Every structure is written in structure tokens, then in C-alpha cells.
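# Per-entry structural report
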Amino acid sequence: MRGYIEDKEFGKVYVELRRGMTSVRFSYHADGNLLMRAPLGASAADLQRMININREQLRRLPQPVSVSFRIGQVIECYKCRVVIESQSRMPGYILNHWEGDTLHLQVHESADLDDNGIKRTISSVIGRAMEVMARAVLLPYAQQIADELGLMPAGLEVGRGMRKLGHCTKGRVIQLSRNLMFMPEPLIRYIICHELAHLTHMNHSPQFHALVNQYCSGQEKQLERQLRQFRFPILK
């Protein structure tokens, strides 16, 4: 039996319930989300309790390194782009600046772009830049969708999660990850609609999914499949 649960820290955690298992095992799914294998019959509460018990170990679980960077690479984002360039002025530094809607990220010519440490640094620089841009373009887009649907969230905020891409707080504040900036617009809209539906249903009941499907013009299942197949261009 397969499915998923939502965790406040790790976002979507894929679950496989297997007959004959007596303990829980964690690894990373191919898309970078956690995969949890647990005994058949475990309830959602049991699964969440297992995550809570193992939370510290999960934070240290090695994550797959599956991205690559190269000089001349262009990363298309929502309403902007990133261009990776070479620089010879400052060894050991990654420089960056915005020109209009383009982020010029300049890596020293001696840097080994296959080095995982360099990849993580580049990913971090791009992530911080997208956080700034998300406030400028992502939050207004979310407000536009809320207005179209006649909904009134208490606020809109930018988060940093890559596993947890959105969240609706008990105070009706919608939090959207800066990493939505890397997604095509239909998926961004889907995640925003998902969180807006939580203003009505603070659960993942059939009624909730019916509302998301309504907000997405009957495309919820197709968009969810696309989301599962999506690969981020930077590291988590």
C-alpha cells in the first residue's frame, strides 16, 4: 500500500506499507522526498510518531546529489532567470548581481563545478536570491489567485522549504517556499490553490481534494503527477 503524509519539517513523505515488516526504514525517494517503509496496518498517527521519534536521525540522513552546474548554463525561473558565468577576479568567491530580471552568478574560473561543496554553495546563493524575488513576484501572484477565488488569507509569507513547498497556518497565513520560483507556472498555481483550500478544510479529506480540484479546473491529479516528476535545479 502506497501513499504519503505531510510533515511540518520534511514536507511530503512517501509511505510504503509492507506486509511482514516489523520496523520502519527511511531513505530518499528519487525526487528528493523522504521515503518511509513501515509495517502494514500502521495508522497515520503511527507514521507521524515514527517520524517524530527518528527526526534527529532523519536530519542527518545523506541526501542525493543530483544536480549539475556549468558555465553558460541558464536556469529559467518564474518571472526571472539565473545565468552562470565565469570570473577571474576573486578566487574562492561566487559573485552575483541582478540586472533586471536576470541573476548573473559568477564562479571563479578555477572552481570545480563537479565538487559537491561548490554545488551546495551555488545552490545556497541561488536560493537566497530567489527568496528576494519571491517576495516581489510570487506573493502578488498568490494574492491574485486568492482574489480570483474570493478567498482572504490572513497573510502571505515566503518560506525556504524544498520538501515542504507550502503551508497554511492555524492563523490562516499562507506560507509559500521560495523554491516555487523554479517551477512552471501551472505547478506554482496548483500549490497555491492547495494551500488556499486549507482555509476551508484544514486536512486532506476527500472534501479538501474536491475543493483543490475545483480550484484547479479539474486538473488536481494531473498536476500532482507533474509535481512528483519535477526535479529542482539546485540542491536542497
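This write-up is about the structure you can find in this document. Just so it is clear, the structure is predicted and the values come from calculations on it, not from any experiment. (Residues numbered from 1 in each chain as written. Predicted model: local features only at pLDDT ≥ 70, side-chain atom pairs only at ≥ 80, totals over all residues. Heavy atoms only, no water.)

### Details of the state of the cysteines
Using the following cut-off: The criterion for a disulfide is a pair of cysteine sulfur atoms lying within 2.5 Å. Exposed residues in this analysis have more than 50% of their type's maximum accessible area, buried residues have under 20%, and partly exposed residues fall in between, with area computed by a 1.4 Å probe over protein chains only.
Taken as a whole, this structure holds zero disulfides when the rule is applied. Its sulfur unpaired, Cys-80 is 4.6 Å from the next cysteine sulfur, which belongs to Cys-77. Cys-168 carries a free sulfur, and the closest cysteine sulfur to it, the one in Cys-193, is 13 Å from it. When its relative accessible area of 4% is taken as the criterion, Cys-168 is described as buried.

### Let's talk about the nonpolar core
The test is simple: Nonpolar cores were defined as sets of buried Ala, Val, Leu, Ile, Met, Phe, Trp, Tyr and Cys residues, with membership established by side-chain atoms within 4.5 Å. Only DSSP runs of H or I reaching four residues or more are called helices, and only runs of E reaching two or more are called strands; each is numbered from the N terminus. Note on definitions: a residue-residue contact is assigned when non-hydrogen atoms from the two residues lie within 4.5 Å.
In terms of nonpolar packing, the biggest core is built from 57 residues, with Ile-126, Phe-182 and Met-183 touching the most fellow members. Only strand S5 (74–77), strand S6 (80–87), strand S8 (102–108), helix H3 (116–149), strand S11 (173–177), helix H4 (185–197), helix H5 (206–215) and helix H6 (220–229) provide two or more residues apiece to this core. Other than its neighbours up to four places away in sequence, Phe-182 contacts Ile-75, Glu-76, Cys-77, Ile-126, Met-130, Phe-230, Phe-232, Pro-233 and Ile-234. One finds Tyr-28, Ala-38, Ala-42 and Leu-47 within the second-largest nonpolar core, a separate group that totals 15 residues.

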